[in-house]
Amino acid sequence: MKLTKKDFKQVLDIGIELSTAKDSDLLLSRMIHAGMSITRCDAGTLYLYEKDKLHFRVMITKSMGVCRGENGEKIDLPPVAMSETNVCACAALHRESINIADVYHSDGFDFSGPKRYDSMTGYLTKSMLVVPLLNNEDELLGVLQLINALDEEGNIVSFDPEYETIVQTLGSMAAIKLSNLAYLKAMKLQQYSFVEAMTTAIDERTPYNGAHSRKVAEYAGLLAEYMEKQHQKGEEEDSFPEERKEKLVLAALLHDIGKMIVPLSVMNRSTRLEQELGRIRDRFQLLHAYCKIDRLTGKYTEEEYQVAQALLDEELAFIESVDGMGFLNDEAFARVQEIAGKKYVGEGIEIPYLTEEEITRLSVRKGTLTTEDRIQMENHVVMTEKILSRVRFNKPDAIVVKWAAEHHELLDGSGYPRHLAAEDLCLETRILTVADVYDALTASDRPYKKPIPMDRALDILRSMVKEGKLEGRLVEYLAAALHEE
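Bear in mind the structure is a predicted one, so any value in this text is a computation, not a measurement.

## Concerning helix α15 (residues 427–442)
Next, step 1: Over its 16 residues, α15 extends 23 Å from the first C-alpha to the last, a length consistent with the 22 Å expected when each residue adds 1.5 Å.
Next, step 2: Extensive coverage of α15 is indicated by the burial of 15 of its 16 residues.

The structure is reproduced here in structure tokens:
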């Protein structure tokens with residue numbers, strides 16, 4: 001049988017099809033179908049070489065309606081040992097194709113398996129072409145076994161030797177592509193292991209941030225999955241297939257890498273004063289001592305002395321209470337300023353009740369961080385971009401740098417560091433922002449606040465939607481996904 005122009009076109013089309021496969025299951029399915037189509041055969045089995053054995057990967061018999069393993073499902077048959085008496089193993093061991101005209105009249109190989117199958121099913125295994133799958137480094141990846149070539153009338157005939165080279169070539173193309181896919185998978189795993197290591201370093205740097213990056217990745221992935229479900233139902237225009245979701249999760253895991261340069265004194269600040277409170281207590285003890293000296297030297301009467309001592313105790317207690325306040329109201333703020341203006345003046349000495357640094361910290365209206373502290377904290381997104389820009393991501397993943405660096409931007413332009421507005425922020429960035437804010441609200445390991453219940457946190461997110469800061473549909477998708485969970 002001579003190869004026709006149609007045959008050559010089919011070979012080229014199959015070659016293109018094999019080269020464009022993006023996952024191993026699809027590639028293996030295309031490979032066996034290609035071999036069967038080119039040789040016009042009825043059946044085929046594709047084996048993969050793993051752990052010194054040939055493992056069944058795809059099995060097809062057209063005439064009997066058999067199709068197993070095409071979608072990656074496991075075939076529960078024992079693997080084939082690498083023995084010379086087995087035709088597939090022999091082809092693999094010698095890196096050569098084997099063409100059998102009739103297995104029932106062939107010596108040198110053990111065909112008891114096919115014959116037993118025939119007796120059980122009524123099938124007739126006759127002609128066979130076995131081709132090893134070798135990549136460009138002559139590594140064995142598997143074996144393609146084709147069974148029962150058919151002529152134009154559907155009669156079983158021998159496999160034409162002219163097709164051997166074509167099937168070998170297609171097999172090599174598939175093997176090379178399979179090797180490349182495995183290499184890309186290994187590279188991706190290496191990239192993710194590096195990201196996991198960096199995430200661990202970031203989160204473990206402080207006990208108050210131990211799971212943040214992973215939780216943001218979890219919430220972002222959950223939101224993306226829910227959005228994809230809505231897309232599949234025709235209720236959402238944007239879709240999140242697995243590859244897109246993986247990049248989003250990657251960005252989420254890396255979004256806080258810039259916190260590596262934020263001082264721990266800022267990262268771990270659970271109160272306004274922390275260690276400074278000890279110095280204030282020591283100072284007030286000194287003030288008590290000077291007050292007592294003034295009583296002994298006659299500067300104070302006993303009554304004045306008692307009042308002064310009580311006032312010092314009251315002021316120190318107030319300072320201690322302010323240190324742990326979540327929010328400083330106007331009355332408390334005014335009292336801080338009043339104490340800040342006091343100082344003890346004695347013989348050649350002058351002792352302010354509070355230093356400028358302590359006044360600044362006690363005057364923080366909300367949270368525990370001063371303006372300077374917040375600048376250092378907010379700078380982490382700038383450092384995130386700077387650090388990640390030095391990493392050589394593969395081209396499809398390079399966009400994660402942008403997403404990670406913009407996770408504190410808000411739709412109304414009030415975010416940081418660049419004050420970008422809605423038209424500048426892509427969907428992935430918006431999702432990261434929602435996930436980040438949600439975890440910040442619900443996290444139980446923050447030093448400066450108690451965790452907020454889920455529904456209350458979602459209400460806060462909705463209020464941010466009304467303010468024009470977050471995208472409403474994303475907040476509702478997160479809410480729906482969380483309630484489903």
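## Here's the deal with the packing of α15 against helix α16 (residues 454–466)
Axis angle and axis distance: for two packed helices, these are the angle between their axes and the distance between the axes, and together they describe the pair.
Next, step 1: With their axes 9 Å apart at the nearest point, α15 and α16 run at an angle of 135° to one another. In terms of axis orientation, α15 runs oblique to α16. Between α15 and α16 lies a crossing of right-handed hand. Where α15 abuts α16, its residues Val 434, Val 437, Tyr 438, Leu 441 and Thr 442 lie against Met 454, Ala 457, Leu 458, Ile 460, Leu 461 and Met 464.
Next, step 2: By residue class, the composition of the contact of α15 with α16 is 10 nonpolar, 1 polar and no charged.

## Section: the pairing of strand β7 (residues 140–150)
Next, step 1: When you tally the buried positions in β7, you get 10 out of 11 residues, the bulk of the element.
Next, step 2: Bridge count for strand β1 (residues 41–50) against β7 is 7 bridges, and the pairing is antiparallel. Looking at the pairing, Cys 41 lines up with Ala 149 of β7.
Next, step 3: Alignment of strand β6 (residues 128–134) against β7, held across 7 bridges, turns out to be antiparallel. Note on β7: the bridge partner recorded for Leu 129 is Leu 146.

## Some remarks on the packing of aromatic side chains
One pair of aromatic rings is described through two measures. These are the centre distance and the angle between the planes.
Next, step 1: Going through the model one piece at a time under the given rule, you end up with 7 aromatic pairs.
Next, step 2: A ring pair is formed by Tyr 219 and Tyr 438, whose centres lie 4.9 Å apart and whose planes are at 90°; its orientation type is edge-to-face. A residue pair is termed long-range when its members are at least 10 positions apart, and Tyr 219 in helix α6 (residues 212–232) and Tyr 438 in helix α15 qualify at 219 residues.
Next, step 3: According to the relative accessible area criterion, Tyr 438 is buried, its value standing at 3%.
Next, step 4: Here Arg 335 stacks its cationic end above the ring of Phe 318, 5.0 Å away from the centre of that ring.

## Details of the pattern of salt bridges
Next, step 1: Considering all chains together, one arrives at 27 salt bridges under this definition.
Next, step 2: Across the pair Arg 335 and Glu 314 runs a salt bridge whose closest N-O atoms are separated by 3.4 Å. Here Glu 314 lies in helix α10 (residues 302–323) and Arg 335 lies in helix α11 (residues 330–340), a separation of 21 residues in the sequence.
Next, step 3: Classification of Glu 314 by relative accessible area gives partly exposed; the value is 45%.
Next, step 4: A salt bridge links Arg 361 to Glu 357; the nearest nitrogen and oxygen atoms lie 2.8 Å apart. Within this pair, Arg 361 and its partner Glu 357 are both found in helix α12 (residues 356–362), separated by 4 residues, close to a single helical turn.
Next, step 5: On the basis of relative accessible area, Arg 361 is assigned to the buried category, the value being 7%.
Next, step 6: With a relative accessible area of 39%, Glu 357 lands in the partly exposed category.
Next, step 7: Here the salt bridges share partners, and the residues they tie into one network are Glu 236, Asp 238, Arg 430, Glu 471 and Arg 473.

## Quick notes on the pairing of strand β2 (residues 53–61)
Next, step 1: Most of β2 is tucked away, with 7 of its 9 residues classed as buried.
Next, step 2: Alignment of β1 against β2, held across 8 bridges, turns out to be antiparallel. Within β2, the position partnered with Thr 45 by the bridge is Met 59.
Next, step 3: Where β1 hands over to β2, the hairpin turn is made up of 2 residues, of which Lys 51 adopts a positive phi near 55°.
Next, step 4: Where β2 and strand β4 (residues 80–81) come together, 2 bridges link them in antiparallel fashion. Looking at the pairing, Leu 54 lines up with Val 80 of β4.
Next, step 5: Across 3 bridges, β2 lies against strand β3 (residues 66–68) in antiparallel orientation. Residue Ile 60 lies in a different strand from β3, and its bridge partner there is Cys 67.

## Describing unusual backbone geometry
In most cases, non-glycine residues show a negative phi, while peptide bonds are predominantly trans.
Next, step 1: Residues Tyr 416 and Pro 417 are joined by a peptide bond in cis, for which omega reads 10°.
Next, step 2: Among the secondary structure elements, Pro 417 is positioned in the loop between α14 (400–405) and α15.
Next, step 3: Positive phi, close to 60°, is recorded for Asp 138, a residue that is not glycine.
Next, step 4: With respect to the helices and strands, Asp 138 occurs in the loop between β6 and β7.

Parameters and conventions
Here, residues in each chain are numbered from 1, in the same order as that chain's written sequence. Restriction of local features to residues with pLDDT of at least 70 applies here, the model being predicted, together with a cutoff of 80 or more for giving and counting side-chain atom pairs; totals for whole chains, interfaces and linings are based on all residues. Where side-chain values are given, they derive from all heavy atoms of the structure, hydrogens and water being excluded. Helix and strand labels come from DSSP, where a helix needs a run of H or I of at least four residues and a strand needs a run of E of at least two; each type is numbered from the N terminus. What a helix is expected to span follows from its residue count: subtract one and scale by 1.5 Å. A simple rule labels every residue: compare its accessible area, found with a 1.4 Å probe on the protein chains alone, to the largest value its type can have, and call it buried under 20%, exposed over 50%, or partly exposed in between. Note on geometry: axes are lines fitted to C-alpha atoms, helical ones only across the stretch in contact, with angles between N-to-C directions running from 0 to 180 degrees. Every angle not falling under 35 degrees, over 145, or within 65 to 115 is termed oblique; those three ranges are roughly parallel, roughly antiparallel and roughly perpendicular. For any pair of crossing helices, the crossing counts as left-handed if the nearer helix is rotated counterclockwise from the farther one by less than a right angle, and right-handed if it is rotated clockwise. In what follows, a contact means two residues having at least one pair of non-hydrogen atoms within 4.5 Å. Under the grouping applied here, Gly and all other residues not named as nonpolar or charged are polar, the nonpolar ones being Ala, Val, Leu, Ile, Met, Phe, Trp, Tyr, Cys and Pro and the charged ones Asp, Glu, Lys and Arg. Here the rule is simple: two strands pair whenever DSSP picks up at least two bridges between them. Centres within 6.5 Å are what make two rings of Phe, Tyr or Trp a pair, Trp counting through its six-membered ring; a difference in plane orientation under 30 degrees is then read as stacked, over 60 as edge-to-face, and the rest as tilted. For a Lys NZ or an Arg CZ to count as sitting over a ring, it must be within 6 Å of the ring centre and within 35 degrees of the ring normal. For this document, the term salt bridge refers to a Lys or Arg side-chain nitrogen within 4 Å of an Asp or Glu carboxyl oxygen.

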